[in-house]
Amino acid sequence: MTQKIGLAASAVAAPGTAIVAVSPRTGASSIEDRLAGAIAVLAICEEVRIGEAEGFDGYVIACFGDPGVDAAREIARGPVIGIAEAAMRNAAILGQGFSIVSMLERGRPILEGLVGGYGMSSRCRSIRLTDYSALDLENGNAARGAVIEAARAAVREDHADTILLGCAGMADLAEEVEHSVGVPAIDGVASAVKTIEGLIQ
């Protein structure tokens, strides 16, 4: 998944922008709930400390729960942004109402908290979950198909005019979802990379 995220980030990066995708050495293999997110924060901060020592200009936290963003901002000299915040702010520019399509039901409280915390409650039409884990996206088409079906339902039933792909593991699904549902599909990884580049420039 880290490799996929790095490829997605590099695909949208401007000439001269170097993308280095890293995964913390400790913590869960994917973040699906608050406990895993809390455990990840220290490891994320350690990666930012390493990046600061190596001279990195900015940081994308590539998990849709945006774990550790505020803590990382206290360490980094340059900008730090989570993919959920980047995706929501871009969605607010592109359309009138977005839906988030993400993975397991136990992640709903995290997503609801982010929507409220970023002041996006009036713009969020729904949060649709697939009952697959993030790692399932790497292991076959069932999870990917469920994402597309959830996006269709969000457009049809919730009147969303933009779909947010609520997992970094969906970074390679944006074009397929957009083609299938007929509205913009926002990958938070790409959104965050372009936001970071703009802030650095």
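Residues numbered from 1 in each chain as written. Predicted model: local features only at pLDDT ≥ 70, side-chain atom pairs only at ≥ 80, totals over all residues. Heavy atoms only, no water.

**Thoughts on helix α7 (residues 174-181)**
Keep this limit in mind: Burial classification: accessible surface area is computed with a 1.4 Å probe over protein chains only, and a residue below 20% of its type maximum counts as buried, one above 50% as exposed, and the rest as partly exposed. Helix and strand assignments come from DSSP, with helices taken as H or I runs of at least 4 residues and strands as E runs of at least 2, each series counted from the N terminus. When we speak of the arc, we mean the arc of directions from the helix axis to the C-beta atoms. Whether two residues are in contact is decided by their heavy atoms: any pair within 4.5 Å suffices.
Listed as buried for α7 are Ala174, Val177 and Val181. Along the axis of α7, the buried positions cluster into a sector of 70 degrees, meaning they face one direction only. Turned more than 90 degrees off the buried face of α7, the exposed positions are Glu175 and His179. Turning to α7, the residues buried within the fold contact α6 (141-158), β5 (162-165) and β6 (185-187). Backbone geometry just after α7 places Gly182 at a positive phi near 80 degrees.

**Considering the environment of Ile61**
Position of Ile61 relative to the elements: it lies in strand β1 (residues 59-61). On the basis of relative accessibility, which here comes to 7%, the residue Ile61 falls in the buried class. On a C-alpha basis, the gap between Ile61 and Val80 in space is 7.3 Å, while along the polypeptide they are 19 residues apart. Excluding its chain neighbours within four sequence positions, the residues that come into contact with Ile61 are Ile44, Asp66, Pro67, Val69, Val80, Ile81, Gly82 and Ile83.

**Considerations on the packing of helix α1 (residues 2-12) against helix α8 (residues 188-200)**
Rules: Angles shown run from 0 to 180 degrees and are taken between the N-to-C directions of axes, each axis being a line fitted to C-alpha atoms and, for helices, limited to the stretch in contact. Between 65 and 115 degrees an angle is taken as roughly perpendicular, under 35 as roughly parallel, over 145 as roughly antiparallel, and anywhere else as oblique. Should the near helix be turned counterclockwise from the far one by less than a right angle, the crossing is left-handed, whereas a clockwise turn marks it as right-handed.
Running from N to C, α1 and α8 cross one another at 50 degrees; their axes reach a closest spacing of 9 Å. Taken together, the axis directions place α1 and α8 in an arrangement best described as oblique. As α1 runs across α8, the sense of the crossing is right-handed. Every residue of α8 that contacts α1 at Ile5, Ala8, Ala9 and Val12 is listed here: Val189, Ala190, Val193, Lys194 and Glu197.

**With respect to the nonpolar core**
Operational definition: We call a set of buried Ala, Val, Leu, Ile, Met, Phe, Trp, Tyr and Cys residues a nonpolar core when their side-chain atoms join them within 4.5 Å.
Of all hydrophobic cores here, the largest spans 31 residues; its most connected members are Phe64, Met88, Phe98, Ile100, Leu164 and Val189. Of all the secondary structure elements, the ones that give two or more residues to this core are α1, α4 (83-94), β3 (98-102), α5 (108-117), β4 (124-129) and α8. Among the elements that make up this core, the one with the highest residue count is α4 (six residues). Beyond its immediate chain neighbours, meaning those up to four positions away, Leu164 contacts Phe64, Ala87, Met88, Ala91, Phe98, Ser99, Ile100, Val101 and Ile186. Counting 21 residues, the second largest nonpolar core, distinct from the first, contains Val101, Ala151, Ala154 and Leu173.

**Here's the deal with the side chain of Asp66**
Threshold: The sign given to each residue is positive for Lys and Arg and negative for Asp and Glu; His and the chain ends receive no count. Throughout this description, the term salt bridge denotes a Lys or Arg side-chain nitrogen within 4 Å of a carboxyl oxygen of Asp or Glu. The term polar contact refers here to a pair of N or O atoms within 3.5 Å; inside protein, the definition further demands a hydrogen-donor-capable atom paired with an acceptor-capable atom, and it admits residues adjacent in sequence only when both atoms are side-chain atoms.
Here Asp66 shows up in the loop between β1 and α3 (69-75). Although buried, Asp66 forms no salt bridge, and the nearest oppositely charged side chain, Arg73, lies 6.9 Å from it. At 3.0 Å, the side chain of Asp66 and the backbone nitrogen of Ala84 are in polar contact. Each residue touching Asp66, except ones within four places of it in the same chain, is listed here: Ile61, Gly82, Ile83, Ala84, Glu85, Leu114 and Tyr118.

**A short note on α8**
Condition: Multiplying 1.5 Å by the helix residue count minus one yields the expected span of that helix.
Over its 13 residues, α8 extends 18 Å from the first C-alpha to the last, a length consistent with the 18 Å expected when each residue adds 1.5 Å. Of the residues making up α8, those classed as buried are Gly188, Val189, Ala190, Ser191, Ala192, Val193, Ile196 and Glu197. Those residues of α8 that are buried lie in contact with α1, β1, β2 (80-82), α4 and β6. Of the residues that open α8, the one with a side-chain oxygen 3.0 Å from the backbone nitrogen of Val189 is Asp187.

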